[in-house]
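# Coordinate analysis (summary)
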Amino acid sequence: KPGEQKHAKEPSSLQCMHLAVVACGDRLEETLIMLKSAVLFSNRRLCFHVFAEDSLKPEFEKKLNEWPSSYTKKFEYNIYPITFSVGNAQEWKKLFKPCAAQRLFLPVILKDVDSLLYVDTDVLFLRPIDDIWHILQEFNSTQLAAMAPEHEIPKIGWYSRFARHPYYGTTGVNSGVMLMNLTRIRSTHFKNSMIPSGLTWEEMLYPLYQKYKNYITWGDQDLLNIIFYFNPECLYVFPCQWNYRPDHCMYGSNCKGAEEEGVSILHGNRGVYHDDKQPTFKALYEVIRDFPFEDNLFQSLYYPLQSKFLDTVHTLCGRIPQVFLKQIEKTMKKVYENRVIVYLGANHRY
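Analysis parameters
- Residues numbered from 1 in each chain as written.
- Predicted model: local features only at pLDDT ≥ 70, side-chain atom pairs only at ≥ 80, totals over all residues.
- Heavy atoms only, no water.
- Helix = DSSP H or I, 4+ residues; strand = E, 2+ residues; numbered from the N terminus.
- Buried < 20%, exposed > 50% of the residue type's maximum accessible area, 1.4 Å probe, protein only.
- Contact = heavy atoms within 4.5 Å.
- Areas by Shrake-Rupley, 256 points an atom, 1.4 Å probe, with all protein chains shown as cover.
- Phe/Tyr/Trp six-rings, centres within 6.5 Å; stacked < 30°, edge-to-face > 60°.
- Lys NZ or Arg CZ within 6 Å of the ring centre and 35° of its normal.
- Pairing = 2+ DSSP bridges.
- Axes fitted to C-alpha atoms, helices over the stretch in contact; angles between N-to-C directions.
- Salt bridge = Lys/Arg side-chain N within 4 Å of Asp/Glu carboxyl O.
- Parallel < 35°, antiparallel > 145°, perpendicular 65-115°, else oblique.
- Nonpolar A, V, L, I, M, F, W, Y, C, P; charged D, E, K, R; others polar.
- Expected span 1.5 Å × (residues − 1).
- Arc of directions from axis to C-beta.
- Right-handed = clockwise from strand over helix to strand, strands pointing away.
- Disulfide = S-S within 2.5 Å.

### Some remarks on the overall build of the chain
Helix and strand counts for the chain stand at 15 helices and 9 strands. Within the chain, the proportion of its 350 residues that are buried is 54%. In the chain, of all internal contacts separated by at least 6 residues, the share reaching a separation of at least 24 is 72%. Counting only carbon and sulfur atoms, one obtains 51% of the accessible surface of the chain, whose full area is about 16200 Å².

### Section: the packing of aromatic side chains
Across all of its chains, the model carries 19 aromatic pairs by this definition. Members of the aromatic cluster, each reached through a chain of ring pairs, are Phe48, Trp67, Tyr71, Phe75, Tyr77 and Phe293. Lys36 extends its terminal NZ or CZ atom over the ring of Phe293, reaching a point 5.0 Å from the ring centre.

### Comments concerning the sheet that holds strand S1 (residues 17-23)
Backbone hydrogen bonds hold the strands of a sheet together, and the pairing may be parallel or antiparallel. Strand order in the open sheet made by the 7 strands is S3-S2-S1-S4-S7-S6-S8, with mixed pairing throughout. Looking at strand neighbours, the two that pair on one side only are strand S3 (75-80) and strand S8 (235-237), the edges of this open sheet. Each neighbouring strand pair of the sheet contributes to a mean axis angle of 25°, computed without reference to strand direction. Pairing analysis gives 7 bridges linking S1 to strand S2 (residues 46-52), with the strands arranged parallel. Paired with Val21 across the strands is Val50, a residue of S2.

### Quick notes on the pattern of salt bridges
One pass over the full model with this rule turns up 16 salt bridges. When the shortest N-O distance is used, the salt bridge between Arg127 and Asp131 registers 3.0 Å. Lys282 is paired through a salt bridge with Asp276; the nearest N and O atoms lie 2.9 Å apart. Its relative accessible area of 61% is what places Asp276 among the exposed residues.

### Some remarks on the packing of helix H2 (residues 28-41) against helix H13 (residues 279-290)
It is at 10 Å that the axes of H2 and H13 come closest, and there the two elements cross at 75°. With respect to their mutual orientation, H2 and H13 come out roughly perpendicular. Here Glu29, Glu30, Ile33, Lys36, Ser37 and Leu40 of H2 come into contact with H13, specifically with Tyr285, Ile288, Arg289 and Asp290. Taken together, the residues of the contact of H2 with H13 sort by class into 4 nonpolar, 1 polar and 5 charged.

### A short note on the environment of Trp158
Considering the arrangement of structural elements, one finds Trp158 in helix H8 (residues 158-162). For the pair Trp158 and Gly172, spaced 14 residues apart in the sequence, the C-alpha separation amounts to 8.4 Å.

### Quick word on the environment of Trp133
Among the secondary structure elements, Trp133 is positioned in helix H7 (residues 129-133). Its relative accessible area of 9% is what places Trp133 among the buried residues. Note: C-alpha distance between Trp133 and Met180 (47 residues apart in sequence) is 10.0 Å. Beyond its immediate sequence surroundings of up to four residues, Trp133 is in contact with Cys16, Met17, His18, Arg44, Ser115, Leu116, Leu117 and Leu179.

### Description of helix H10 (residues 201-212)
The end-to-end C-alpha separation of H10 is 16 Å, in line with the 16 Å expected for 12 residues at 1.5 Å each. Three or more residues of H10 are buried, namely Trp201, Met204, Leu205, Leu208, Tyr209 and Tyr212. Within H10, the buried residues cover an arc of 120° as seen down the axis, which keeps them to one side.

### Comments concerning the pairing of strand S6 (residues 145-149)
Within S6, 5 of the 5 residues are buried, which leaves it mostly tucked inside the rest of the structure. As paired strands, S6 and S8 are joined by 3 bridges and run parallel to one another. Following the sheet pairing, Ala146 is matched in S8 by Tyr236.

### Looking at H13
For H13, which comprises 12 residues, the first-to-last C-alpha distance of 16 Å matches the rise-based estimate of 16 Å (1.5 Å per residue) to within 8%. Within H13, 10 of the 12 residues are buried, which leaves it mostly tucked inside the rest of the structure. Buried residues of H13: Pro279, Thr280, Phe281, Lys282, Ala283, Leu284, Tyr285, Glu286, Val287 and Ile288, and no others.

### Observations regarding the pairing of S1
Extensive coverage of S1 is indicated by the burial of 7 of its 7 residues. A two-sided burial pattern is seen for S1, the buried positions comprising Met17, Leu19, Val21 and Ala23 on one face and His18, Ala20 and Val22 on the other. Taken together, S1, H2 and S2 constitute a β-α-β crossover, and its handedness is right-handed. Summarising the sheet, S1 and strand S4 (residues 115-119) pair through 2 bridges and their orientation is parallel. By the bridge assignment for S4, Ala20 is matched with Tyr118.

### Thoughts on the state of the cysteines
One pass over the structure, following the stated rule, counts 3 disulfides. What pairs with Cys249 in a disulfide is Cys317, and their sulfur atoms sit 1.9 Å apart. Torsion about the S-S bond of the Cys249 and Cys317 cystine: about 90°, corresponding to right-handed handedness. Taken together, the positions of Cys249 in the loop between S8 and helix H12 (256-261) and Cys317 in the loop between helix H14 (297-309) and helix H15 (321-347) put the pair 68 residues apart, joining distant regions of the chain. Taking the relative accessible area as the measure of exposure, Cys249 reaches 0% and is therefore buried. Cys317 sits in the buried class, given a relative accessible area of 1%.

In structure tokens:
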């Protein structure tokens, strides 16, 4: 209307919470279950960036487009080929797990994305991504990435016992859940053990790999540890409940944050979703996998989960079911209130 103030519409890329994952080999189902857990609980719109082998692209598109419209309207997605901008592509592809090194190149490839959350395929969200996304606002002026410690106890930590290369802090960090301010990463010159004047992220990756390739065990995660060893001021360390792995309970409970708040993000590394070594982790994966999108969360997700947990009490992780259930119960109550109580309130006026 004449005289009415115009408001510039915020670009879609800024409205989104950006989530990136790299899927190769047999990781199709695992990746889809991770994305499903993200969509089930999140509040703000999501932008998925899926990096996958060419053979997986049609299947990803088919499966994602089959989801009900009540969920597909909550996200948009792009599927990218596996590409490495510097060095030998075959070398990068074989580093640790297939294609895992792709995550190192996200700042270079996603030039129009300001910030994103990278996760491994074997991750499950037990609360809204919105909550970890808020951690970006807690970064100080030098921090440009956030990860959780690899271990809580140095005497049983892998890096503190076995690493033959520099690593961050006393126990190293785990890269399976990694928040990144890509804008800051692209504009920073990083201290390193090669050139005194500092190198950009892209300039640093291949020389760093060449220097340490005979000493690293966990591939790209080791390279990230080396980078943040030389640049500790650039890293924000978030607590273990945001990257909860079997190591946090299989030797006895050692993640205090999860004991107090519950698990926020579950990371089923060591293949525990697909064997019987950690049935508590497997139970969560199977329940989210089998949940019909449109069903009642409590009846078709929470109660089956409680039932499955009864069969896991013989394990150390299974003895602390409240750690796994606390956050997911809280999250489902919020989802229920938003979808049912708020909806009814809007349609019943007295």
